[in-house]
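The primary structure of each chain is shown beneath.
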Amino acid sequence: MQKRVAAIHDISCFGRCSLTVALPILSAAGIETSIIPTAVLSTHTGGFTGYTFKDLTEDILPIAEHWKSLGLTFEAIYTGYLGSYSQLEIVSHIFDMFKEKDSMILVDPVMGDNGRLYTAFDEEFPKGMVKLCEKADVIVPNITEAALLLGEDYREGPYTTEYIEGLFTRLSGCGAKKIVLTGVYLQEGQMGAAAYDCSRKDVSYYFREKIPGMYHGTGDVFSSVLLSGLLNDQSMEEALKLAVDFTTGAIKRTYDDKTDNRYGVNFEQGLVDLARIGSVHRNS
Ligand code: PXL
């Protein structure tokens, strides 16, 4: 059976992040993807000025209620950038409405990068995000977001395994079942991610060579591919590798083309490879 996801993120019309990344990636991986747009912006907020912002908070619950009245069910609910405290509360309610025994809630607690909270958020926002993470099966913070969730100072890499595993232990207190940390590197020249199972307490790491520069939207690419792997019956270790390899490929193409880093990464030309995992269970 084909799996169905509800993806709840903003639409940044230009700049390849949030829904303009999640929808094509999940679809390419063979997953039916329904969306709830939380806001419409002309661009994302990372590096552009003068962007438009249309808040859609009032529409979120009515969309979900209509879906409920139609009897729709979802194998996963996937959230990313949420613009306000009240959106966090509404989304938390939607988790309660649609959570089933075997469904997966994946929360990407999008809040910041490189040690800084994104400009649109106030200092209190991370506390609200912690509450949303309590209901998640999987959370996918970067190191900045992990520090924000824990109320700790951001630390620059390279990281030690003790530091990464300490973050996992402290984050496991927030209630999520599995944690995937992005932007992890143990030595200069490498970049990757680490996964932690909070009940088994085991950690796995996967790294590739670091491509120079800073790239926008890579967290959204990573989480969307991770979810694609998990919903295609991959183990966490396999999905971690898939997401790191796919994201690294997208960054490499962007680096080679010398694209403006605010424009997001070239994930599109990797979709053909991703499509292979979405068709393995189907031969008709
Ligand atoms: O990629 C995360 C993201 C999503 N949506 C909006 C953003 C950002 C990061 O800056 O600004 C609107």
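On a predicted model such as this, the values are computed, not experimentally measured, just so you know.

S.K.: Help me out: how do you make sense of the pattern of salt bridges in this one?
M.R.: Between side chains of opposite charge, a pair can form as their charged atoms come close. The final tally for this structure, using the stated rule, is 16 salt bridges. Across the pair Arg-4 and Glu-32 runs a salt bridge whose closest N-O atoms are separated by 3.0 Å. With Arg-4 in strand β1 (residues 4-14) and Glu-32 in strand β2 (residues 32-43), the pair connects residues that are 28 residues apart, well separated along the chain. The partner of Asp-102 in a salt bridge is Lys-101, and the shortest N-O contact between them spans 3.7 Å. As far as the burial class goes, Asp-102 and Lys-101 line up, both exposed. What you see here is one network of salt bridges that share partners, running through Lys-99, Asp-137 and Lys-177.

S.K.: Honestly, unusual backbone geometry in this entry has me stumped. Any pointers?
M.R.: The general pattern is negative phi for most residues beyond glycine and trans for most peptide bonds. A cis amide bond links Gly-157 to the next residue, Pro-158, at an omega of -5°. Unlike most non-glycine residues, Ser-18 shows phi in positive territory, near 40°. Along the polypeptide, Ser-18 turns up in the loop between β1 and α1 (19-28). Residue class for Ser-18 comes out buried when judged on its relative accessible area of 2%. Residue Lys-201 is not a glycine yet carries a positive backbone phi of 60°. Relative to the helices and strands, Lys-201 is located in the loop between β10 (190-197) and β11 (202-209). Residue classification places Lys-201 among the exposed residues on the basis of a relative accessible area of 59%.

S.K.: It is not clear to me how the site of the ligand should be interpreted in this structure. Could you clarify?
M.R.: If you check the shell around the ligand, you find 13 residues, and the closest are Asp-10, Thr-45, Tyr-81, His-216 and Asp-220. The side chain of Thr-45 places a nitrogen or oxygen atom 2.6 Å from an oxygen atom of the ligand. Within the side chain of His-216, a nitrogen or oxygen atom sits 3.3 Å from an oxygen atom of the ligand. Bound to the protein, the ligand loses 98% of the 320 Å² it would expose on its own. Here the shell around the ligand is built from residues that sort into five nonpolar, six polar and two charged.

S.K.: Can you walk me through the side chain of Thr-79 in this structure?
M.R.: On the secondary structure map, Thr-79 appears in strand β4 (residues 76-79). Contacts of Thr-79, omitting those with residues within four sequence positions, involve Ile-8, His-9, Val-91, Phe-95, Leu-106, Val-107, Asp-108 and Leu-132.

S.K.: Would you take a moment to explain the sheet that holds β4 for this structure?
M.R.: Hydrogen bonds along the backbone pair up the strands of a sheet, which may run parallel or antiparallel. Taken together, the nine strands give an open sheet; going across it, the order is β3-β2-β1-β4-β5-β8-β9-β10-β11, and neighbouring strands pair in mixed fashion. This sheet does not close on itself; its edge strands, each paired only once, are β3 (53-55) and β11. Looking at chain direction, β10 and β11 are connected through eight bridges and run antiparallel. Bridging from a neighbouring strand, Gly-192 pairs with Phe-207 of β11. Packed onto the sheet, helix α2 (residues 57-69) meets β1, β2 and β3 and runs at close to 170° relative to β2.

S.K.: Is there a simple way to think about the pairing of strand β9 (residues 178-184) in this case?
M.R.: Each regular strand shows side chains that alternate between the opposite faces of the sheet. Summarising burial for β9: five of the seven residues are buried, a large majority. Relative to β9, strand β8 (residues 138-139) runs parallel, the two sharing two bridges. Within β9, the position partnered with Val-138 by the bridge is Lys-178. By the bridge criterion, six bridges tie β9 to β10 in an arrangement that is antiparallel. When the bridges of β10 are listed, Thr-182 appears paired with Ala-193. Count of turn residues in the β9/β10 antiparallel hairpin: five residues, of which Gly-189 carries a positive phi of about 90°.

The rules we used
- Residues numbered from 1 in each chain as written.
- Predicted model: local features only at pLDDT ≥ 70, side-chain atom pairs only at ≥ 80, totals over all residues.
- Heavy atoms only, no water.
- Salt bridge = Lys/Arg side-chain N within 4 Å of Asp/Glu carboxyl O.
- Helix = DSSP H or I, 4+ residues; strand = E, 2+ residues; numbered from the N terminus.
- Buried < 20%, exposed > 50% of the residue type's maximum accessible area, 1.4 Å probe, protein only.
- Near = heavy atom within 4 Å.
- Polar contact = N/O pair within 3.5 Å; in protein donor to acceptor, adjacent residues only side chain to side chain.
- Areas by Shrake-Rupley, 256 points an atom, 1.4 Å probe, with all protein chains shown as cover.
- Nonpolar A, V, L, I, M, F, W, Y, C, P; charged D, E, K, R; others polar.
- Contact = heavy atoms within 4.5 Å.
- Pairing = 2+ DSSP bridges.
- Axes fitted to C-alpha atoms, helices over the stretch in contact; angles between N-to-C directions.

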